Amino acid sequence: MSAALAVLLLPLILLGGALLLACVVLGLHGLLIGRMPGRWLPRHVRQPRLWGAGVLLVLLGGFEHLSLTVVGIGLIALGHVVKPAP
């Protein structure tokens, strides 16, 4: 591998790793605690536990297990749409 290719790939790998870590932390936070951090997410996610489970399934499924990815995307959508029980 040439040095130029390594210089181009290193920022992409670091950015992808940071994004993956952020998604894992947000998914676990929503799933285990039942709340969303920040200002934007609590306003848009109505069911944090569904949303967190969906994010983790999407991350686990990736491109290899498309059924997990599809179920995860469905759970993320339900986390945004379903109103909490009274």
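About the criteria used
- Residues numbered from 1 in each chain as written.
- Predicted model: local features only at pLDDT ≥ 70, side-chain atom pairs only at ≥ 80, totals over all residues.
- Heavy atoms only, no water.
- Axes fitted to C-alpha atoms, helices over the stretch in contact; angles between N-to-C directions.
- Helix = DSSP H or I, 4+ residues; strand = E, 2+ residues; numbered from the N terminus.
- Left-handed = near helix turned anticlockwise from the far one by under 90°.
- Contact = heavy atoms within 4.5 Å.
- Nonpolar A, V, L, I, M, F, W, Y, C, P; charged D, E, K, R; others polar.
- Parallel < 35°, antiparallel > 145°, perpendicular 65-115°, else oblique.
- Polar contact = N/O pair within 3.5 Å; in protein donor to acceptor, adjacent residues only side chain to side chain.

Draft legend 1. Structural context of the packing of helix α1 (residues 3-33) against helix α3 (residues 48-61). Where α1 meets α3, the axes come as close as 7 Å, and the angle between the chain directions of the two elements is 145 degrees. Here α1 runs over α3; the crossing is left-handed. Contacts between α1 and α3 pair L20, C23, V24, L26, G27, L28, G30, L31, L32 and I33 from the former with P48, R49, W51, G52, A53, V55, L56 and L59 from the latter. Counted by class, the contact of α1 with α3 contains 14 nonpolar, three polar and one charged residues.

Draft legend 2. Representation of the packing of α3 against helix α4 (residues 66-81). Relative to each other, α3 and α4 sit at 160 degrees, their axes nearing to 7 Å. Considering their axes alone, α3 and α4 lie roughly antiparallel with respect to each other. Along this stretch, α3 crosses α4, giving a crossing that reads as left-handed. Contact residues: L50, W51, A53, G54, V55, L57, V58 and G61 in α3; L68, T69, V71, G72, I73, L75, I76, L78, G79 and H80 in α4. Its residues assigned to classes, the contact of α3 with α4 comprises 12 nonpolar, six polar and no charged.

Draft legend 3. Examining the side chain of T69 more closely. With respect to the helices and strands, the residue T69 is situated in helix α4. Among the polar contacts made by the side chain of T69, one reaches the main-chain carbonyl oxygen of H65 at a distance of 3.3 Å. Sequence-distant contacts of T69, that is, excluding residues within four places in its chain, are made with L57, V58, G61 and G62.

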